[in-house]
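# Results of the structural survey
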Amino acid sequence: MTNELLIRNADHLVTMDGKRRELIDADLRLRGGAIVEIGHGLAPDGAEVIDATGCLVTPGLVNTHHHMFQTLTRAVPAAQDALLFGWLRTLYPIWARMGPDHIRVSTQLGLAELALAGCSMSSDHLYLFPNGARLDDSIEAATEVGLRFHPTRGAMSIGESAGGLPPDSLVEDETAILADSQRLIAAYHDPSPGAMLRIGLAPCSPFSVSRELMRDAAILARETGVRLHTHLAENDEDIAYSLAQFGCRPGQYAEELGWTGDDVWHAHCVKLDGAEIDLFARTRTGVAHCPCSNCRLGSGIAPVRAMRDAGVPVGLGVDGSASNDTGDLAAEARMAMLLQRVARGADAMSAREALEIATRGGAEVLGRPECGSLEPGKRADIAIWDMSGLEAAGSWDPVALLLAGPRRVRDLIVEGRRVVADGRLATIDAGKLAARAAALTRDLAG
């Protein structure tokens, strides 16, 4: 099989390049996992041809925050109407019953769902390891699906008996956490351009790990060249905890422990104040905005307009399916746009800016400048959306409609390889995966 693909006759091609060009009836040539040519009427020259007539072509979407282990705990009744801390206390005992197979299957399910929704690159935050589960289980699952993957070694070390939120059964010794972090970086982290797998370090949150672990993780990350990730300023409870326990707001706490900089991204940041936004802008600290989860948990509306205007790098995240119920980046982009309009008026954010956050913005937050846009020399991560169906009929602007129109990508190409073809997963058996996930969910519920 040729390693060259030619996408031909795209009705509308959104490059997200430096000029944000949009092309009509355009072609893209892909070779060796990269984009080598964009133009009109390109000759096949032996390439495998994908006809994109009637389609919108965009960069693959980028997910900057997820908890894929939660995919087997969607819509748990007792957690449906709880705020963050109550939601966690309800779910911790269920998650404590998981093991390696639950982690593998839930990760595959989460990644498969993202792929079908046009996502080509995703991070994952796994912060609990019950019954012998390891981050290796997630990595193994992701390799089979074929998305670009940024798994982060999360951790919880302060249980209820020590004033933390998680039960003692789910916390780990901090020396063991750091040792396993070093092992994972040595075994899996690929710093090269175009890498399919990069490790990050991600102590769960300021209310579940010690000040010492936050600081030590930052030191280790800088020594080994990996990125840092955690939850920050998610809701009012989060702010109150920080003020009571640390005597400062979350942004100040992060800064004191080395958790600001262009190698750091924080999830949520719903309650950042003006000074914290300025801090993140000065230091180029990234934010993973998770609007649907923030709505579901009643956390509030993140000040994304203020962040973007100040120069804070912002990407989108679906968050875990236990707080979102689904994994759809286009839906997140639409919700991000709508929430900013609710808060600040109808001109607060356009559909194109929301799509930019979902592509180019996410790639910047994850430290992947070679991804997130369609340009010669960039990686061949491409989503092809069929705009010829009923859900797109009557549209004057396919880019604006994408955020409300087709919910499933027609074709998804990652590193020049098809992960989704004609609306179906091309790398794994979706039916078998759904059946296995259903069986494991029944096991957890029983």
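So, here is what we can say about the structure in this document. (Residues numbered from 1 in each chain as written. Predicted model: local features only at pLDDT ≥ 70, side-chain atom pairs only at ≥ 80, totals over all residues. Heavy atoms only, no water.)

A word on the pattern of salt bridges. The full count for this structure, using the stated rule, is 37 salt bridges. A salt bridge links Arg-296 to Asp-325; the nearest nitrogen and oxygen atoms lie 3.3 Å apart. Remark: Asp-325 occurs in the loop between β13 (314–316) and α11 (329–344) and Arg-296 occurs in helix α9 (residues 291–296); sequence separation between them is 29 residues. The exposure class of Asp-325 is partly exposed, given its relative accessible area of 30%. A salt bridge links Glu-415 to Arg-379, with the nearest nitrogen and oxygen atoms 2.4 Å apart. Here Glu-415, found in the loop between β15 (411–414) and β16 (417–421), pairs with Arg-379, found in the loop between α12 (351–365) and β14 (382–386); they are 36 residues apart in sequence, far enough to count as distant. The class for Glu-415 is buried, based on a relative accessible area of 12%. Overall, the relative accessible area of 16% leaves Arg-379 in the buried class. (Salt bridge = Lys/Arg side-chain N within 4 Å of Asp/Glu carboxyl O. Helix = DSSP H or I, 4+ residues; strand = E, 2+ residues; numbered from the N terminus. Buried < 20%, exposed > 50% of the residue type's maximum accessible area, 1.4 Å probe, protein only.)

With that out of the way, let us pick up the pairing of strand β5 (residues 55–59). Among the 5 residues in β5, 5 count as buried, and that is most of the element. Relative to β14, β5 runs antiparallel, the two sharing 5 bridges. If you follow Val-57 over to β14, its bridge partner there is Ile-384. (Pairing = 2+ DSSP bridges.)

What follows covers the packing of aromatic side chains. Applying the stated criterion across every chain, the model contains 8 aromatic pairs. With a centroid separation of 5.0 Å and 85 degrees between ring planes, the pair formed by Phe-69 and Trp-95 is classed as edge-to-face. Pair noted here: Phe-69 is in the loop between β6 (61–63) and α1 (84–95) and Trp-95 is in helix α1, with a separation of 26 residues, a long-range link. With relative accessibility at 1%, the residue Phe-69 sits in the buried group. On the basis of relative accessibility, which here comes to 0%, the residue Trp-95 falls in the buried class. Consider the rings of Trp-87 and Trp-95, whose centres lie 5.8 Å apart with planes at 75 degrees: the pair is edge-to-face. Here the aromatic cluster, defined as three or more aromatic residues joined through ring pairs, consists of Phe-69, Trp-87, Tyr-92, Trp-95 and Tyr-127. Above the ring of Phe-129, the side-chain terminus of Arg-153 is found at 4.3 Å from the ring centroid. (Phe/Tyr/Trp six-rings, centres within 6.5 Å; stacked < 30°, edge-to-face > 60°. Lys NZ or Arg CZ within 6 Å of the ring centre and 35° of its normal.)

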